Amino acid sequence: MNRNDFLKIITGATAAIPFLSFGRKNNSSIIEPVSIATWRFGVKTTARAMDLIKEGASALDATEAGVKICEADPNERSVGLGGRPDRDGKVTLDACCMDHLGNIGSVAAVEDIVHVSSLARAVMERTPHVMLVGDGARQFAIEMGFDITNLMVPDSENEWNKWLEKSEYNPHVNVENHDTIGQISLDRKGHLAGFCTTSGMGFKMRGRVGDSPIIGAGLYVDGDIGAATATGHGEEVIRVVGSYRVVAEMARGLSPQIACEEAVRKIHQFFIRRNASMKDTQIGFIAINKKGDVGGFSMRPGFQYAVNKLGKEPQLIDANSLLS
Ligand code: GLY
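Quick look at the site of the ligand
- The environment of the ligand is made up of Asp179, Thr180, Gly200, Met201, Arg208, Gly210, Asp211, Ser212, Gly232 and Gly234.
- Side-chain polar atom of arginine 208 to an oxygen atom of the ligand: 2.6 Å apart, as the coordinates give it.
- Measuring from an oxygen atom of the ligand, one finds a backbone N or O atom of glycine 234 at 2.9 Å.
- Placement of the ligand is best described as lying within the largest cavity.
- Class assignment of the residues belonging to the shell around the ligand gives a composition of 1 nonpolar, 6 polar and 3 charged.

Here's the deal with unusual backbone geometry
- For tryptophan 39, which is not glycine, the phi torsion reads 65 degrees and is therefore positive.
- For tryptophan 39, the position within the fold is in the loop between β1 (34-38) and α2 (42-54).
- Owing to a relative accessible area of 4%, tryptophan 39 belongs among the buried residues under this scheme.
- For asparagine 275, which is not glycine, the phi dihedral falls at a positive 55 degrees.
- Along the polypeptide, asparagine 275 turns up in the loop between α9 (256-274) and β9 (283-289).
- Taking the relative accessible area as the measure of exposure, asparagine 275 reaches 71% and is therefore exposed.

Brief notes about helix α8 (residues 242-251)
- Counted residue by residue, α8 has 7 buried out of 10 residues, so it is predominantly covered.
- Regarding α8, the residues found buried are Gly242, Ser243, Val246, Val247, Glu249, Met250 and Ala251.
- Of the residues one or two after α8, glycine 253 is the one with positive phi, at around 105 degrees.

Looking at the nonpolar core
- In this structure, Val107, Val246 and Phe285 are the most contacted members of the largest nonpolar core, which totals 77 residues.
- Take this core: its biggest share by element is 7 residues, from α9.
- The residues touching valine 107, leaving out its near neighbours within four places in the chain, are Leu93, Asp94, Ala95, Val116, Leu119, Ala120, Val123, Leu132, Ala137 and Pro213.
- Counting residues in each nonpolar core, the second largest holds 7 residues, with Ala49, Met50, Ile53 and Ala65 among its members.

Focus: the confidence of the model for the protein
- When the pLDDT values of the protein are averaged, the result is 90; 89% of them are 70 or greater.
- Between residues 1-28, whose pLDDT stays under 50, and residues either more than four places distant or in other chains, the model counts 12 contacts.

Here we look at the sheet that holds strand β13 (residues 320-321)
- Spatially, the 5 strands line up as an open sheet ordered β7-β8-β9-β10-β13, and their pairing is mixed. Every interior strand has two partners, whereas the edge strands, β7 (219-222) and β13, have only one.
- Here α8 sits on the sheet and contacts β7, β8 (226-232) and β9; the angle it forms with β8, its principal contact strand, is near 145 degrees.

Structural notes on the pattern of salt bridges
- Tallied over the full model, the rule gives 19 salt bridges.
- As a salt-bridge pair, aspartate 293 and lysine 291 come within 3.8 Å of each other at their nearest N and O atoms.
- Look at aspartate 293 and you get partly exposed, because its relative accessible area is 29%.
- The structure contains a network of salt bridges with shared partners spanning Asp61, Glu64, Arg121 and Glu125.

Points about the sheet that holds strand β6 (residues 192-198)
- The 8 strands lie next to each other as β4-β3-β2-β6-β5-β1-β11-β12, forming an open sheet whose pairing is mixed. Here the strands that pair on one side only, and so sit at the sheet edges, are β4 (131-133) and β12 (315-318). The average undirected angle you get between the axes of adjacent strands in this sheet is 10 degrees.
- Strand direction decides the pairing type here: strand β2 (residues 93-99) and strand β3 (residues 104-110), joined by 5 bridges, are antiparallel. Bridge pairing in β3 places alanine 95 opposite valine 107.
- Helix α4 (residues 116-126) rests against β2, β3, β4 and β6 of the sheet, and its axis sits at about 130 degrees to β3.

Definitions and limits used
Residues numbered from 1 in each chain as written. Predicted model: local features only at pLDDT ≥ 70, side-chain atom pairs only at ≥ 80, totals over all residues. Heavy atoms only, no water. Near = heavy atom within 4 Å. Polar contact = N/O pair within 3.5 Å; in protein donor to acceptor, adjacent residues only side chain to side chain. 1 Å grid on protein atoms, 1.4 Å probe; cavity = no way out; pocket = protein on both sides within 12 Å on 5 of 7 lines; lining within 4 Å. Sits in = over half its atoms within 2 Å of the grid points. Nonpolar A, V, L, I, M, F, W, Y, C, P; charged D, E, K, R; others polar. Helix = DSSP H or I, 4+ residues; strand = E, 2+ residues; numbered from the N terminus. Buried < 20%, exposed > 50% of the residue type's maximum accessible area, 1.4 Å probe, protein only. Core = buried A, V, L, I, M, F, W, Y, C linked by side-chain atoms within 4.5 Å. Contact = heavy atoms within 4.5 Å. pLDDT = per-residue confidence, 0-100. Pairing = 2+ DSSP bridges. Axes fitted to C-alpha atoms, helices over the stretch in contact; angles between N-to-C directions. Salt bridge = Lys/Arg side-chain N within 4 Å of Asp/Glu carboxyl O.

See below:
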């Protein structure tokens, strides 16, 4: 065999890897239904999703029911009711959803609506569009019969008043100010779906939108491959189209774990390239493949994610991280 033949074989083999691995997965009858979600609050939201999946619910319905628990909880200070306000004292929420068919819906900078995940789903199912923002999204919510609710709870108001004393604009998302719930699930039919919902950075500039409502950044689902979602510093996740990148890495045949690691590495590489400070920046990804294998990885220690598999004990996992 001469050198050219050898190279042809290597190239052919590399190109075939995704097809070989998907073939195996598609032919496999082993689907392990699972729901995973970012942070500790994911323990209760994935439990809810798995209860529903057990009864035969779709990944889309089950995941929505899960994240809605978090949105309705005034003690979760980074999602839904009780989310931290922007620097002008307005709580504005972002969310998106995606199913295994490629249906997508998204809302951003929405005020007065608790269940922005359901509003994103309404955009997906009830409009010819994929994204509504601000007053238009709020107006659509009212038309759809959503309740109007003051999202600012006393604890958030107190925190904001304290922030106003210095009014230092230093937005960052770290372990103490963690944010988004991203939740992705695989149902008994082998269908994937996900939701991502957040109030975004605390005391952010009015109108600032992060990665969470951006399909491909905060969430991405490919029904033939896998799903991924992100948490943390949204600007950095958008920069590398983070969740899409994780799914694309899985499409190359990488495991969900390694795919998440690759996306975090890319963000790190961009920081280095730009010579930008990454002090305190936290980013985390979680992913599921079509078979139900899961993974998660973060920039720095402190990121946790919940994994709930059918018939198994729920787990809260301390993700490995790139930096110590
Ligand atoms: N990851 C949420 C945000 O940056 O808004």
